[in-house]
Amino acid sequence: MSFSKWIGGALGWSFGGPIGAIIGLAIGSVIDSMADNGQPLLGDQQKRRRGRTTYRTQPRQRPQTQSGDFEVSLLVLASVIIKADGVQDQRELDYVRKQFVNMYGKDRANHAFKLFKGISKQNISIRPVCLQIKSMMDHPSRLQLIHFLFGIAKADGTVTQDEERQIYTIAGYLGISSRDYESIKAMFYSSKDNAYKILEIDKDASVDEIKKAYRKMAKKYHPDRLVHLGKEHQAGAEEKFRQVQEAYEQLQKELRF
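Under an unreviewed UniProt entry, the name given to the protein chain is Molecular chaperone DjiA, and the organism recorded is Hyunsoonleella pacifica.

Printed below as a string of structure tokens:
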């Protein structure tokens, strides 16, 4: 698959708004590189774009997020997190590439990283980007974004305060509640209270409250909630679901119920 076909067919609502502007600049740098190498340009992509509805003209009803919309949103936010502590750590870049290869395959991942190089050179204002994502992307997909961002931050062995602060800010703009944020954050830290945080309950919760919380969180993080993004995103969804199950099983053992 050529770069032009990939970018032309992968995106829906993310072709417009602030994310569309970021993509446009990034595509420009890719076009320059392809032109210098004598490769075909993005004529197909430009034709496809004219026929698409943009972010500004979308109806009020939230459209279903496509895999490509999630992919590009992730690339934009990943570039912010990787630069959050002032250093582009190679381990974090390798983590992103590995995850993209696992999700999309080597060919599509290579196309994504052509775009990522152009995105990472830009100074991105996260508020308008996140507000576009919040208005256009469903809640389970936004939770998956936060989970992925913590994975990037942890790729070099530790989540720095700057990275955590940036993810917290992004989560706020995305409309993620503090309990959901703390639940996902706890999946990347080791402490005796993590099981309670993952299940979004207090340490003095009763057995009935723990069981109720587990059912709620299992439903919230069930992989079927992301089925519309395609099977490539099921692994990440299953990871969150598995950690909810492990948190519940841990409390079962500790409290013997």
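A. Inspection of the overall build of the protein chain at higher detail. When its secondary structure is counted, the protein chain shows 13 helices and zero strands. Taken across its 257 residues, the protein chain has 49% of its residues classed as buried. Put simply, of all contacts in the protein chain between residues at least 6 apart along the chain, 76% involve residues at least 24 apart. As displayed, the protein chain offers around 12700 Å² of accessible surface, 47% of which is attributable to carbon and sulfur atoms.

B. Representation of helix α12 (residues 207-220) in the model. With 14 residues, α12 extends 20 Å from end C-alpha to end C-alpha; this agrees with the ideal 20 Å at 1.5 Å per step. When we look at burial in α12, the residues that qualify are Ile210, Ala213, Tyr214, Met217, Ala218 and Lys220. Seen from one end, α12 has its buried residues packed into an arc of 155°, which puts them on one side. With respect to the buried face of α12, the exposed residues turned more than 90 degrees away are Asp208, Lys212, Arg215, Lys216 and Lys219. For α12, the secondary structure elements touched by its buried residues are α8 (139-154), α10 (178-186), α11 (194-198) and α13 (234-255).

C. Region of the structure containing the nonpolar core. Counting residues in each nonpolar core, the largest one holds 73 residues, and the members touching the most others are Phe100, Ile133, Ile146, Leu149, Ile170 and Leu199. The element that contributes the greatest number of residues to this core is helix α4 (residues 67-82), accounting for 10 residues. Split by domain, the residues of this core number at least three in each of domain 1 (1-32 + 66-178) and domain 2 (190-256). Aside from chain neighbours lying at most four places away, what touches Ile170 is Leu77, Val80, Ile81, Ile126, Cys130, Ile146 and Leu149.

D. Summary view of the environment of Arg91. Counting through the fold element by element, Arg91 comes out in helix α5 (residues 90-104). Taking the relative accessible area as the measure of exposure, Arg91 reaches 48% and is therefore partly exposed. Arg91 sits 61 residues away from Ile152 along the chain, and the two C-alpha atoms are 8.8 Å apart. When near neighbours in sequence (up to four residues on either side) are disregarded, Arg91 contacts Ala155 and Asp156.

E. Geometry of the packing of aromatic side chains. By the definition in use, this model includes 10 aromatic pairs. Plain terms: the ring middles of Phe150 and Tyr181 are 5.7 Å apart, the flat faces sit at 45° to each other, and that makes the pair tilted. Of this pair, Phe150 sits in helix α8 while Tyr181 sits in helix α10; the two residues are 31 residues apart in sequence, bridging distant segments of the chain. Per residue, the accessibility class of Phe150 equals that of Tyr181, and both read buried. Aromatic pair Tyr168 and Tyr181: ring centres 5.2 Å apart, planes at 80°, arrangement edge-to-face. Separated by 13 residues along the polypeptide, Tyr168 in helix α9 (residues 161-173) and Tyr181 in helix α10 bring together distant segments of the chain. Through successive ring pairs, a cluster of aromatic residues spans Tyr95, Phe100, Tyr104, Phe113, Phe116 and Phe148.

F. View of the pattern of salt bridges. Inspection of the entire model under this criterion finds nine salt bridges. Put simply, Asp202 and Arg179 hold a salt bridge, and the shortest N to O gap is 4.0 Å. In this pair, Asp202 is assigned in the loop between α11 and α12 and Arg179 in helix α10, connecting sequence segments 23 residues apart. For Lys220, the salt bridge is made with Glu200, and the minimal N-O distance between the two is 3.4 Å.

The rules we used
- Residues numbered from 1 in each chain as written.
- Predicted model: local features only at pLDDT ≥ 70, side-chain atom pairs only at ≥ 80, totals over all residues.
- Heavy atoms only, no water.
- Helix = DSSP H or I, 4+ residues; strand = E, 2+ residues; numbered from the N terminus.
- Buried < 20%, exposed > 50% of the residue type's maximum accessible area, 1.4 Å probe, protein only.
- Contact = heavy atoms within 4.5 Å.
- Areas by Shrake-Rupley, 256 points an atom, 1.4 Å probe, with all protein chains shown as cover.
- Expected span 1.5 Å × (residues − 1).
- Arc of directions from axis to C-beta.
- Core = buried A, V, L, I, M, F, W, Y, C linked by side-chain atoms within 4.5 Å.
- Domains from an automatic or database assignment.
- Phe/Tyr/Trp six-rings, centres within 6.5 Å; stacked < 30°, edge-to-face > 60°.
- Salt bridge = Lys/Arg side-chain N within 4 Å of Asp/Glu carboxyl O.

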